[in-house]
Amino acid sequence: MFSSIAKQKVTHFGLWAEECRDEQMAEAALGILKDAIARCRDDDVRGAELEEVLLWIEKRSIRKNPVHRFRDALATNHPDERVAAMTDAYVRVMRELGLYSGRL
């Protein structure tokens, strides 16, 4: 889903459709990250879909550190520490995407 999007610029009421789609994609990406956090205590959530989402976020980010932190957090051994590290990285990713509202 995230790697196969063709770039199309169509105006709609003065807004670029691409900008609207990017915001929707960012929200979908955050949903996948949030789901990974919810499941990471018991499961190894690393996989193609999660990596695709992280690459998509990384391509749109000025600062790459939040994505690197999320990847590093995935490899944390202790489940509670993994959840905490992934949650911290998630908030940083939200800020990078401009979607942080002050709550999770």
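About the thresholds
- Every chain is numbered independently, its residues counted from 1 as its sequence is written.
- Restriction of local features to residues with pLDDT of at least 70 applies here, the model being predicted, together with a cutoff of 80 or more for giving and counting side-chain atom pairs; totals for whole chains, interfaces and linings are based on all residues.
- Computation of side-chain values covers all heavy atoms of the structure but excludes hydrogens and water.
- Helix and strand labels come from DSSP, where a helix needs a run of H or I of at least four residues and a strand needs a run of E of at least two; each type is numbered from the N terminus.
- Two N or O atoms count as a polar contact when they lie within 3.5 Å, although within protein this holds only if one can serve as hydrogen donor and the other as acceptor, and sequence-adjacent residues are included solely when both atoms are side-chain atoms.
- Every residue pair with non-hydrogen atoms within 4.5 Å of one another is taken to be in contact.
- By definition here, a helix of n residues has an expected span of 1.5 Å times n minus one.
- Partly exposed residues are those whose accessible area sits between 20% and 50% of the maximum for their type, while under 20% is buried and over 50% is exposed, using a 1.4 Å probe and protein chains only.
- The term nonpolar core refers to a set of buried residues drawn from Ala, Val, Leu, Ile, Met, Phe, Trp, Tyr and Cys, joined through side-chain atoms within 4.5 Å.
- Should a side-chain nitrogen of Lys or Arg be within 4 Å of a carboxyl oxygen of Asp or Glu, the pair is scored as a salt bridge.
- Lines fitted to the C-alpha atoms define the axes, with helices restricted to the stretch that makes contact. Angles between their N-to-C directions range from 0 to 180 degrees.
- For classification purposes, angles smaller than 35 degrees are called roughly parallel, those larger than 145 roughly antiparallel, those between 65 and 115 roughly perpendicular, and all remaining angles oblique.
- Crossing chirality is assigned from the near helix's rotation relative to the far helix, an anticlockwise turn below a right angle marking it left-handed and a clockwise turn marking it right-handed.

A. How the structure looks around the side chain of Thr-76. In this fold, Thr-76 is placed in the loop between helix H3 (65-74) and helix H4 (79-97). Polar contacts involving the side chain of Thr-76 include one to the main-chain carbonyl oxygen of Ala-73, which spans 3.1 Å. Those residues in contact with Thr-76, other than ones at most four positions away along the chain, are Glu-81, Arg-82 and Ala-85.

B. Looking closely at H4. Here H4 spans 26 Å end to end across 19 residues, near enough to the 27 Å set by a 1.5 Å rise per residue. All of the buried residues in H4 are Arg-82, Val-83, Met-86, Ala-89, Tyr-90, Val-91, Val-93, Met-94 and Glu-96. Phi turns positive, to about 75 degrees, at Gly-98, one or two residues after H4.

C. Quick look at the nonpolar core. In terms of nonpolar packing, the biggest core is built from 25 residues, with Leu-33, Leu-50, Ile-57, Phe-70 and Met-86 touching the most fellow members. Those elements that provide at least two residues to this core are helix H1 (17-39), helix H2 (48-60), H3 and H4. Tallying contributions element by element places H1 first for this core, with eight residues.

D. A look at the environment of Leu-74. Tracing the sequence through the fold places Leu-74 in helix H3. For Leu-74, a relative accessible area of 10% translates into the label buried. Counting along the chain gives 12 residues from Leu-74 to Met-86, while the straight-line C-alpha distance between them is 6.9 Å. With residues near it in sequence (within four places) discarded, Leu-74 still touches Val-45, Arg-46, Leu-50, Leu-54, Arg-82 and Met-86.

E. Quick peek at the pattern of salt bridges. Under the counting rule described, the total for this entry stands at eight salt bridges. For Arg-71, the salt bridge goes to Glu-51, with nearest N and O atoms at 2.8 Å. Here Arg-71, found in helix H3, pairs with Glu-51, found in helix H2; they are 20 residues apart in sequence, far enough to count as distant. With a relative accessible area of 21%, Arg-71 lands in the partly exposed category. Between Glu-96 and Arg-63 there is a salt bridge; the shortest N-O distance is 2.8 Å. With Glu-96 in helix H4 and Arg-63 in the loop between H2 and H3, this residue pair connects regions lying 33 residues apart in the sequence. Look at Glu-96 and you get buried, because its relative accessible area is 14%. Connected via shared salt-bridge partners are Glu-51, Glu-58 and Arg-71.

F. Spotlight on the packing of H2 against H3. It is at 10 Å that the axes of H2 and H3 come closest, and there the two elements cross at 160 degrees. The orientation of H2 with respect to H3, classified from their angle, is roughly antiparallel. The element H2 and its partner H3 pack so that their crossing is left-handed. Of H3, the residues touching H2 (which contributes Leu-50, Glu-51, Leu-54, Leu-55, Ile-57 and Glu-58) are Val-67, His-68, Phe-70, Arg-71 and Leu-74.

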